[in-house]
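Summary of the model geometry
Next come the chains, spelled out residue by residue.
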Amino acid sequence: MKKLSLLLLTLGLALPALAQTKTLLNLDKTGVAIQGYDPVAFFTDNKPVKGKPEFVRLYKGATYQFAYKEHRDLFAKDSAKYEPAFGGYCAYGLSKGKLVEIDVDAFQIVDGRLLLQYSKGVRDDFNKDTKGNLTKAEANWPGLVEKKGK
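As the structure is a computational prediction, the values presented were derived from the model and not from experiment. (Residues numbered from 1 in each chain as written. Predicted model: local features only at pLDDT ≥ 70, side-chain atom pairs only at ≥ 80, totals over all residues. Heavy atoms only, no water.)

What about the nonpolar core?
Just so we agree on the cut-off: Definition used in this section: a nonpolar core is a set of buried Ala, Val, Leu, Ile, Met, Phe, Trp, Tyr and Cys residues joined via side-chain atoms within 4.5 Å. Partly exposed residues are those whose accessible area sits between 20% and 50% of the maximum for their type, while under 20% is buried and over 50% is exposed, using a 1.4 Å probe and protein chains only. The helix count covers DSSP runs of H or I at least four residues long, the strand count covers runs of E at least two residues long, and both are numbered beginning at the N terminus. Contacts: residue pairs with any heavy atoms within 4.5 Å of one another.
With 32 residues, the main nonpolar core has Ile34, Tyr64, Phe75, Phe86, Leu94, Leu115 and Trp141 as its most contacted residues. For this core, the secondary structure elements donating two or more residues are β2 (62-66), α5 (91-95), β3 (103-110), β4 (113-117), α6 (120-126) and α7 (130-148). Ranked by residues supplied to this core, first place goes to α7 with five residues. Those residues in contact with phenylalanine 75 that lie beyond four places of it in its chain are Pro39, Val40, Arg57, Tyr59, Tyr64, Phe66, Tyr82 and Glu83.

Now the structure itself:
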């Protein structure tokens, strides 16, 4: 009976650890996403707008900053809608199987998702086959999360 109890206790402690999934986020040294830019502004203002430290929200291990309280509140209601795809890494880089930094000015909204790119030129290359490159990025993403995620 003692062995069974010990086994159940061990399993009870181990299963939550096994169930945890890895994440991979493009954050600065302080844990801020999108270089401190407001994720909602890409959708509402159609441009990058710098967030303010007084309007923040923690989501999936990242700190997001917002230009306005209203943007923070919109994000709180539907974070998945506004969070950047692929943890905030360059979508075109991911289509090539690589994690690449981004330039916030090279953003785009594709199928309602915020995609960030390394540069405007890279964004143009990505858009030569948007659907194909997005499919490749989506296929490569889980492997990169598993390999490089925490």
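Examining the pattern of salt bridges
The condition is simple: One speaks of a salt bridge when a side-chain nitrogen belonging to Lys or Arg is within 4 Å of a carboxyl oxygen belonging to Asp or Glu.
Taken as a whole, this structure holds six salt bridges when the rule is applied. With a shortest N-O distance of 3.6 Å, lysine 22 and glutamate 146 are connected by a salt bridge. On the criterion of sequence distance, the pair formed by lysine 22 in the loop between α1 (2-19) and α2 (41-44) and glutamate 146 in helix α7 is long-range, its members being 124 residues apart. Close ionic contact of lysine 69 with aspartate 73 constitutes a salt bridge, the shortest N to O distance being 2.9 Å. Taken together, the positions of lysine 69 and aspartate 73, both in helix α3 (residues 69-77) and four residues apart, correspond to about one turn of that helix. Through salt bridges with shared partners, one network takes in Lys69, Arg72 and Asp73.

Bear in mind that shape data such as this cannot, by itself, settle questions of function.
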